[in-house]
Amino acid sequence: MTRMSESLDERARAILLGNDRGGYTVPTAGLYPFQWNWDSAFAAWGFSTFDPDRAWTELETLFAHQWPDGMVPHIVFHRDDEGYFPGPTVWSTGRTPATSGISQPPVAATMARLVLAADPSHRERAAALVPKLLDWHRWWIRARVRDGVACIVHPWESGRDNAFDWDVGMANVDGSDVGPYQRRDTGHVDPSMRPTKAEYDRYLALVQFGRGIGWDQVRLADEGPFLMADPGVAFILIRACEDLAVLAAEVGADPGDAAEMAEGLRAGLDTLWNDARGHWDARDLRTDTFANVLSSGAWLCWLAGAGRPEMEAHLATAWGAVRHGLPTMDPAHPGFDARRYWRGPAWPFYNALVAMGLRDAGKDAEAERLRADTAALIRNGGFNEYFDPVEGTPCGGSDFTWTAAVWLTWAGRER
Ligand code: GLC
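Figured I'd write up the structure that's included with this text. In this numbering scheme, every chain counts its residues from 1 along its sequence in written order. The model is predicted, so local features are restricted to residues of pLDDT at least 70 and side-chain atom pairs to those at 80 or more, both for listing and for counting; the totals for chains, interfaces and linings are taken over all residues. Remark: hydrogens and water are excluded; side-chain values derive from all non-hydrogen atoms of the structure.

## Details of the site of the ligand
Residues in close proximity to the ligand include Pro 27, Tyr 32, Trp 36, Trp 38, Asp 39, Gln 104, Gly 159, Asp 161, Tyr 341, Trp 342, Phe 400 and Trp 402, which together make up its full environment. Between N or O atoms, a polar contact is any pair within 3.5 Å; within protein, one atom must be a potential hydrogen donor and the other a potential acceptor, and residues adjacent in sequence are included only when both atoms are from side chains. A distance of 2.6 Å is found between an oxygen atom of the ligand and a side-chain nitrogen or oxygen belonging to Asp 39. Between Asp 161 and the ligand, the recorded distance is 2.6 Å, taken from a side-chain N or O atom to an oxygen atom. With residues, only the protein chains shown are counted as cover, and all accessible areas are computed by Shrake-Rupley using a 1.4 Å probe. Protein contact buries 97% of the 310 Å² of open area that the ligand shows by itself. We call a residue near a given molecule or strand whenever any one of its heavy atoms falls within 4 Å of it.

## Re unusual backbone geometry
For residues other than glycine, phi is negative in most cases, and the peptide bonds are mostly trans. The omega torsion of the bond from Phe 85 to Pro 86 falls at 0 degrees, within 30 degrees of zero and hence cis. Here a strand is any run of E in DSSP of at least two residues, a helix any run of H or I of at least four, and the numbering for each starts at the N terminus. Here Pro 86 lies in the loop between strand 2 (75-76) and helix 4 (88-91). Residues Thr 96 and Pro 97 are joined by a peptide bond in cis, for which omega reads -10 degrees. With respect to the helices, strands and loops of the structure, Pro 97 is situated in the loop between helix 4 and helix 5 (108-118). Phi is positive for Asp 399, close to 50 degrees, though the residue is something other than glycine.

## What about the environment of Ile 102?
Its place among the elements puts Ile 102 in the loop between helix 4 and helix 5. Exposure is judged per residue with a 1.4 Å probe applied to protein chains only, and the accessible area is read against the type maximum: over 50% gives exposed, under 20% gives buried, and values in between give partly exposed. Overall, the relative accessible area of 2% leaves Ile 102 in the buried class. Between the alpha carbons of Ile 102 and Ile 75 there is a distance of 8.4 Å; along the sequence they are 27 residues apart. Whether two residues are in contact is decided by their heavy atoms: any pair within 4.5 Å suffices. Residues in contact with Ile 102, not counting those within four places in the same chain, are Met 71, Val 72, Pro 73, His 74, Trp 91, Val 153, His 154, Trp 156, Glu 157 and Trp 215.

## Quick notes on the packing of aromatic side chains
In this analysis, rings of Phe, Tyr and Trp, with Trp reduced to its six-membered ring, are considered paired at centre separations within 6.5 Å, and the interplanar angle assigns stacked below 30 degrees, edge-to-face beyond 60, and tilted for intermediate values. In total, this model carries 35 aromatic pairs according to the counting rule given. Ring geometry for Phe 42 and Phe 349: centres 5.2 Å apart, planes at 80 degrees, overall edge-to-face. One end of the pair, Phe 42, is in helix 2 (residues 37-47); the other, Phe 349, is in helix 14 (residues 348-360), with 307 residues separating them in the sequence. According to the relative accessible area criterion, Phe 42 is buried, its value standing at 0%. Phe 349 gets classed as buried once you look at its relative accessible area, which sits at 0%. Between Phe 63 and Trp 136 the ring centres are 5.8 Å apart and the planes differ by 75 degrees, which places this aromatic pair in the edge-to-face class. Pair noted here: Phe 63 is in helix 3 (residues 52-63) and Trp 136 is in helix 6 (residues 123-143), with a separation of 73 residues, a long-range link. Trp 136 matches Phe 63 in its accessibility class, with the two residues each being buried. We note Arg 194 situated over the ring of Tyr 341; from NZ or CZ to the ring centre the distance is 4.6 Å. Lying over the aromatic face of Trp 273, Arg 308 brings its terminal NZ or CZ to 4.2 Å of the ring centre. By the criterion adopted, a ring carries a charge over it if an Arg CZ or a Lys NZ lies within 6 Å of its centre and within 35 degrees of its normal.

## Overview of the packing of helix 15 (residues 364-381) against helix 16 (residues 401-411)
Only the stretch in contact is used when a helix axis is fitted, and all axes are lines through C-alpha atoms; the angle between N-to-C directions ranges over 0 to 180 degrees. Contact geometry for helix 15 and helix 16: axes closest at 11 Å, N-to-C directions at 135 degrees. The orientation of helix 15 relative to helix 16 falls into the category oblique. Considering only the axes of helix 15 and helix 16, their crossing is left-handed. Residues Ala 367, Leu 370, Arg 371, Thr 374, Ala 375, Ile 378 and Arg 379 of helix 15 pack against Thr 403, Trp 407, Trp 410 and Ala 411 of helix 16. Looking at the contact of helix 15 with helix 16 residue by residue, the classes come out as 7 nonpolar, 2 polar and 2 charged. Any angle that is under 35 degrees is reported as roughly parallel, and any over 145 degrees as roughly antiparallel; angles of 65 to 115 degrees are reported as roughly perpendicular and all others as oblique. Crossings are classed by handedness, with left-handed meaning an anticlockwise turn of the near helix from the far one by less than a right angle and right-handed meaning a clockwise turn. Classification used: nonpolar for Ala, Val, Leu, Ile, Met, Phe, Trp, Tyr, Cys and Pro, charged for Asp, Glu, Lys and Arg, polar for all others including Gly.

## With respect to the pattern of salt bridges
We define a salt bridge as a contact between a side-chain nitrogen of Lys or Arg and a carboxyl oxygen of Asp or Glu at a distance within 4 Å. Tallied over the entire structure, the rule returns 28 salt bridges. Note that Asp 243 is salt-bridged to Arg 113, the shortest N-O span being 2.7 Å. Pair noted here: Asp 243 is in helix 11 (residues 231-251) and Arg 113 is in helix 5, with a separation of 130 residues, a long-range link. A residue is classified by how much of its surface remains accessible, and Asp 243, at 3% relative accessible area, is buried. A residue is classified by how much of its surface remains accessible, and Arg 113, at 30% relative accessible area, is partly exposed. In this structure, Glu 157 and Arg 144 form a salt bridge, with 2.8 Å as the shortest nitrogen-oxygen distance. Residue Glu 157 is found in the loop between strand 4 (149-152) and helix 7 (167-170), and its partner Arg 144 is found in the loop between helix 6 and strand 3 (145-146); the two are separated by 13 residues along the sequence. In this pair, the class of Glu 157 matches that of Arg 144, namely buried. Connected through shared salt-bridge partners, Arg 113, Arg 239, Asp 243 and Asp 360 make up one network.

## A closer look at the side chain of His 122
Here His 122 is to be found in the loop between helix 5 and helix 6. Side chain to side chain, His 122 and Asp 119 meet in a polar contact 3.4 Å long. With near-sequence residues (within four places) excluded, His 122 lies in contact with Pro 52, Asp 53, Trp 56 and Leu 116.

## Topic: the environment of Asn 351
Examined against the element boundaries, Asn 351 turns out to sit in helix 14. When its relative accessible area of 1% is taken as the criterion, Asn 351 is described as buried. Sequence-wise, Asn 351 and Trp 410 are 59 residues apart; in three dimensions their C-alpha atoms are separated by 10.0 Å.

## Considering the sheet that holds strand 5 (residues 228-229)
With antiparallel pairing, 5 strands are arranged side by side in an open sheet as 3-4-5-8-9. Either end of the sheet is taken by a strand with one partner, and the two such strands are strand 3 and strand 9 (289-290). Summarising the sheet, strand 5 and strand 8 (residues 283-284) pair through 2 bridges and their orientation is antiparallel. Counterpart to Ala 229 in the pairing with strand 8 is Arg 283. In this description, strands pair whenever DSSP reports at least two bridges between them.

Right under this line is the structure:
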């Protein structure tokens, strides 16, 4: 590694340590002041490069707030913070400490496996996590898998908040009656990079629905105003079940039905293939309509061994249209917006997940290209939340935990 990489390594470690609030890590100071589910899993992977003990603590803290039904919430509000909306009183889930009432992409098992690989001496801690991971995956099957595929009841549950994918489902959500509220995100970063007010009204309407039914997770899926099958979560969950089966075997824990869950979910994937357009696609279960957009969720197909020649062709086309990293939405689509969050920008942590899949599928050249692109973005722009893939400009929050984490584990490591 070059000297420059060494100093970037130090900077990345300093970001993780600086965002550490004692047992959990915030995604970034200010904009995101609590513990987020999948951010934490990536943080653990980052910590595993220099402090495996701290890496396990990160995962343990997250799972200490698992709900009795197995759900692991998307936010744990360890302490109140005025700078974030919607906070604990809006969610009102009745948990102590407060949590949100929805989940987030289940990457934790995949990350736990990587954390163990970094230092196999922590077998007992891994073994203790296995039953909790199993409970969570079973929760997904019970409360979110409908029509054979993993669904989300709120765009935030996908982790890809304002992706174009959700527009078709959100069109049926009435946001006109949510009452007055004050957003906080737009006080931290440029509003042109954030979701719009119309989107926010609907996000809140969905939270109000959940609160109205006391956060009954099965009712949320079966009766809520929004239910969309998400290729991103679908691929991640299959991979997570497979990784959980391996992790359990590695530490001598009971793998339960992890492998069977993966198999069952794989069998349901076909309904997410949009034949007319030739790509994996999100689908609105309320109206049985595809989103009809080549979007970030589809790039995770290789992670679940679901790559297809059409997807390789799409990857090459997308790469031909932007200069930096992988866009989170088809650059040729009229809705592509290079700086608006999940409607175009390249996200380093997401690139790491896509590359993991590409590498496992034997696509080493593509995986390496993604790594080198991501490394260049970080080297030139810093440890930002995401980047404009056309111009390479750093966007969103700075000193981001999962960007620092994937620098240490992947982007900053030339093979
Ligand atoms: C945004 C992202 C989500 C992430 C959170 C914290 O909501 O869309 O994926 O977990 O920020 O970084």
